[in-house]
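# An overview of the molecular structure
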Amino acid sequence: MLNIVLFGPPGAGKGTQSQKLIQKYGLIHLSTGDLLRSEIAQGTELGLKAKGLMDAGLLVPDEVVIGMIESKLAQNPNAAGFIFDGFPRTVPQAEALDQLLQKYDQGISCMVALEVPEEELVKRLLLRGQTSGRPDDADEVLIQKRVVEYNTKTAPVANYYAQQNKFYAINGIGEIDEIFNKSCEVIEACQAV
Ligand SMILES: Nc1ncnc2c1ncn2[C@@H]1O[C@H](COP(=O)(O)OP(=O)(O)O)[C@@H](O)[C@H]1O
């Protein structure tokens, strides 16, 4: 199986690259942000709880997202692999993911980290906010809060995978196809290991 963690701050381009990568490698895209937004759209209890935190630019509790990923893995036993997008976002989530995959005798192949400077992220998210309908994209104060959450809670996840020699950084500035090609090079190199 090919299991990729696509990593990077909000606005780094994870969603865009995920779409291209799932097509090329036949993977299943698991975005915890998308899964949470779908819970909100369906008006579930989980969605209602998550909405307040998401609209405030804060992370939802680890057990909530871990539970969603656990059920998605169980629903797709014959998958060629997964792209995890926006997950894991904390070190406990990364540890839980390893444990979940272990149950299937699987593990993470590599982490592809898209690196984009902070001022560019804010610009991209404000632009996305004009059309995405996402309340957390529309307001610069909220965007800054998400960046702070990222820097304090999520950035350490890179180190978790670096310690396992699975961390690969890519410059997230440039043409979409150029970034995609670089991501594919990394993925094929770690597939060969
Ligand atoms: N793995 C996660 N752990 C905790 N909260 C999450 C996780 N994934 C998504 N969220 C919540 O959903 C929001 C939107 O996430 P996402 O769609 O990945 O957007 P972005 O990467 O652009 O911030 C986050 O700000 C957070 O509140």
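Nothing here was measured: the structure is a model prediction, and the numbers come from that model.

What follows covers the UniProt feature "binding site: AMP" (unreviewed entry) in the protein. As recorded in UniProt, the feature "binding site: AMP" (unreviewed entry) lies at Thr32, Arg37, Leu58, Leu59, Val60, Gly86, Phe87, Pro88, Arg89, Gln93, Arg134 and Arg146. What stands out for the annotated residues spanning 115 residues is how far apart their C-alpha atoms range, the widest pair being 24.3 Å apart. One can find phenylalanine 87 in the loop between strand 3 (81-85) and helix 5 (91-102). For phenylalanine 87, a relative accessible area of 1% puts it in the buried group. Residues within four places of phenylalanine 87 in sequence aside, it is in contact with Val5, Thr32, Val65, Ile66, Ile69, Gln93 and Leu97. Looking at proline 88, the relative accessible area reads 1%, which means it is buried. Setting aside residues no more than four positions away along its own chain, proline 88 makes contact with Val5, Phe7, Gln93, Ala94, Leu97, Val157 and Tyr161.

Moving on to the environment of isoleucine 187. Checked against the element boundaries, isoleucine 187 lands in helix 9 (residues 176-192). Setting aside residues no more than four positions away along its own chain, isoleucine 187 makes contact with Leu2, Ile4, Leu21, Tyr25, Cys110 and Val112.

Glancing now at the state of the cysteines. A full pass over the atoms with the stated rule returns 0 disulfides. Here cysteine 184 stays free of any disulfide, with the sulfur of cysteine 110 as its closest cysteine sulfur at 11 Å.

To continue, consider the UniProt feature "binding site: ATP" (unreviewed entry) in the protein. When the UniProt feature table is mapped onto this chain numbering, "binding site: ATP" (unreviewed entry) sits at Gly11, Ala12, Gly13, Lys14, Gly15, Thr16, Arg128 and Gly174. Here glycine 13 lies in the loop between strand 1 (2-7) and helix 1 (14-25). Residue class for glycine 13 comes out partly exposed when judged on its relative accessible area of 22%. With respect to the helices and strands, lysine 14 occurs in helix 1. In this view, lysine 14 contacts Leu6, Phe7, Gly8, Pro9, Asp85, Gly86 and Leu114; residues no more than four positions away in its chain are not counted.

This part is about the site of the ligand. Around the ligand, the structure places 19 residues, and the nearest of them are Thr32, Arg37, Leu58, Gln93 and Arg128. Arginine 89 places a side-chain nitrogen or oxygen 3.1 Å from a nitrogen atom of the ligand. Bound to the protein, the ligand loses 97% of the 540 Å² it would expose on its own. Among the elements that line the shell around the ligand, the one with the most residues is helix 2 (residues 32-42), at 4 residues. Split by residue class, the shell around the ligand holds 8 nonpolar, 4 polar and 7 charged.

About the thresholds
Residues numbered from 1 in each chain as written. Predicted model: local features only at pLDDT ≥ 70, side-chain atom pairs only at ≥ 80, totals over all residues. Heavy atoms only, no water. UniProt positions renumbered as here; feature names shortened; annotations may be inferred. Helix = DSSP H or I, 4+ residues; strand = E, 2+ residues; numbered from the N terminus. Buried < 20%, exposed > 50% of the residue type's maximum accessible area, 1.4 Å probe, protein only. Contact = heavy atoms within 4.5 Å. Disulfide = S-S within 2.5 Å. Near = heavy atom within 4 Å. Polar contact = N/O pair within 3.5 Å; in protein donor to acceptor, adjacent residues only side chain to side chain. Areas by Shrake-Rupley, 256 points an atom, 1.4 Å probe, with all protein chains shown as cover. Nonpolar A, V, L, I, M, F, W, Y, C, P; charged D, E, K, R; others polar.

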